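# Coordinate inspection notes
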Amino acid sequence: MRGLVLGLLVCLPVFAMSVTSSVWAESSNSSHYQITEMQFGSGSSTDSCSDQYCAHVSIGDDSTASSETSAAFGEAKYSEPTIEMIIEPGESSLGDLSTERTGTKTTLVKVRNYESGGYLLQLVGNAPTYKNYTLKTPQTPAESKIGTEQFGINVVANTIPTVGAAIVQVPADKGVFGQAMPNYATSNLFMYKNGDVIARSLADSGSADYTISMMVNISTSTPAGHYTSDFSTILVPAY
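A brief structural summary. What you are looking at is a predicted structure, and each value in this text was computed from that prediction instead of being measured.

Taken as a whole and assessed by the stated rule, the structure comprises 3 salt bridges. A salt bridge links Lys-110 to Glu-88; its shortest N-O distance comes to 3.2 Å. Note that Lys-110 is positioned in strand E11 (residues 103-114) and Glu-88 in strand E8 (residues 82-88), a separation of 22 residues in sequence. By the burial criterion, Lys-110 is buried, and Glu-88 matches it. The shortest N-O distance in the salt bridge between Lys-136 and Glu-149 comes to 3.8 Å. Taken together, the residues span a long stretch of sequence, with Lys-136 in the loop between strand E14 (133-134) and strand E15 (142-143) and Glu-149 in the loop between E15 and strand E16 (150-154) at a distance of 13 residues. Owing to a relative accessible area of 8%, Glu-149 belongs among the buried residues under this scheme.

Written out as structure tokens, the structure reads:
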């Protein structure tokens, strides 16, 4: 018996500070599905200022490449409160979704702050939708179940399915600079609510790398079609 197959298009988070913005490029497609990945170029930056602080937001600027990561923060030279973010597309295993397997995708969000009082990391967007039908989302943390319609995320390493990574504190021996919120902090448990704060930092200064893991399951009653969704990350500094 063949499993139900449907297509899924997901535009994952790019960045947001005081406003949201998305950049993506088609990377693979067929008559059955389409997957998009984010693409970052140089020369994309903006400054957001108020009477109390200025935030410089960039996509692909002032970063250095290495064999381990495609982007990294430059040398820190701060004279005032600062918060920075880099987003990388991560790994994708979506393709044709089936009742016989779980689709997954990750996005890496790197945040560095200096004398900001901490921050909140929020995810905004609707679950994948086809026409007027939206995939069901666990409203409390739930296990991934193949054959059961589910769309959820978390911010930890998982084994069922094998996806994601623990939050990386940079440097690792200098304290905790970021943490996942309770609903998104347990391995192998996923949920999603539009607008939820998924991670935060209580530290005035520090750096943390967050891996946002997405899990997608479908059932035999899930309408077949080309599902799409668009998400934005919102970084809220606590100045």
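Here the structure, examined in full by the defined rule, presents 4 aromatic pairs. A ring pair is formed by Phe-151 and Tyr-192, whose centres lie 5.6 Å apart and whose planes are at 80°; its orientation type is edge-to-face. Highlighted residues: Phe-151 in strand E16 and Tyr-192 in the loop between strand E21 (189-190) and strand E22 (197-201), separated in sequence by 41 residues. Centre to centre, the rings of Phe-151 and Phe-231 are 5.8 Å apart; their planes meet at 15°, and the pair counts as stacked.

Glycine aside, a negative phi is what most residues show, and trans is what most peptide bonds show. Of note, the amide linkage connecting Ile-160 to Pro-161 takes the cis form, showing an omega dihedral of -5°. Structurally, Pro-161 is set in the loop between strand E17 (158-159) and strand E18 (162-163). The omega angle of the peptide bond from Val-170 to Pro-171 is -10°, so this bond is cis rather than trans. Within the fold, Pro-171 resides in the loop between strand E19 (168-170) and strand E20 (179-180). In this model, Glu-115 sits at a positive phi of 50°, which is unusual for a non-glycine residue.

We now examine the sheet that holds E22. Taken in spatial order, the 4 strands make up an open sheet running E20-E22-E12-E25, and their pairing is antiparallel. Of all the strands in the sheet, the pair left with one neighbour each is E20 and strand E25 (232-237). One ladder, built from 6 bridges, connects strand E12 (residues 119-124) with E25; its direction is antiparallel. The partner of Gln-122 across the bridge, within E25, is Ile-234.

Rules and cut-offs
All residue numbers refer to position in the chain's written sequence, counted from 1. Per-residue local features of the predicted model are confined to residues with pLDDT of at least 70, and side-chain atom pairs are confined, for both listing and counting, to 80 or more; whole-chain, interface and lining totals are unaffected and use all residues. To obtain the side-chain values, all non-hydrogen atoms of the structure were included, while hydrogens and water were left out. Definition used for salt bridges: Asp or Glu carboxyl oxygen within 4 Å of a side-chain nitrogen of Lys or Arg. Secondary structure elements are defined from DSSP: runs of H or I of at least 4 residues count as helices, runs of E of at least 2 residues count as strands, and each element is numbered from the N terminus. Type-normalised accessible area, obtained with a 1.4 Å probe on protein chains alone, sets the label of each residue: buried when under 20%, exposed when over 50%, and partly exposed for intermediate values. Planes of paired rings set the category: under 30 degrees apart is stacked, over 60 is edge-to-face and the rest tilted, where pairs are Phe, Tyr or Trp rings (Trp by its six-membered ring) whose centres lie within 6.5 Å. What makes two strands pair is DSSP finding at least two bridges between them.

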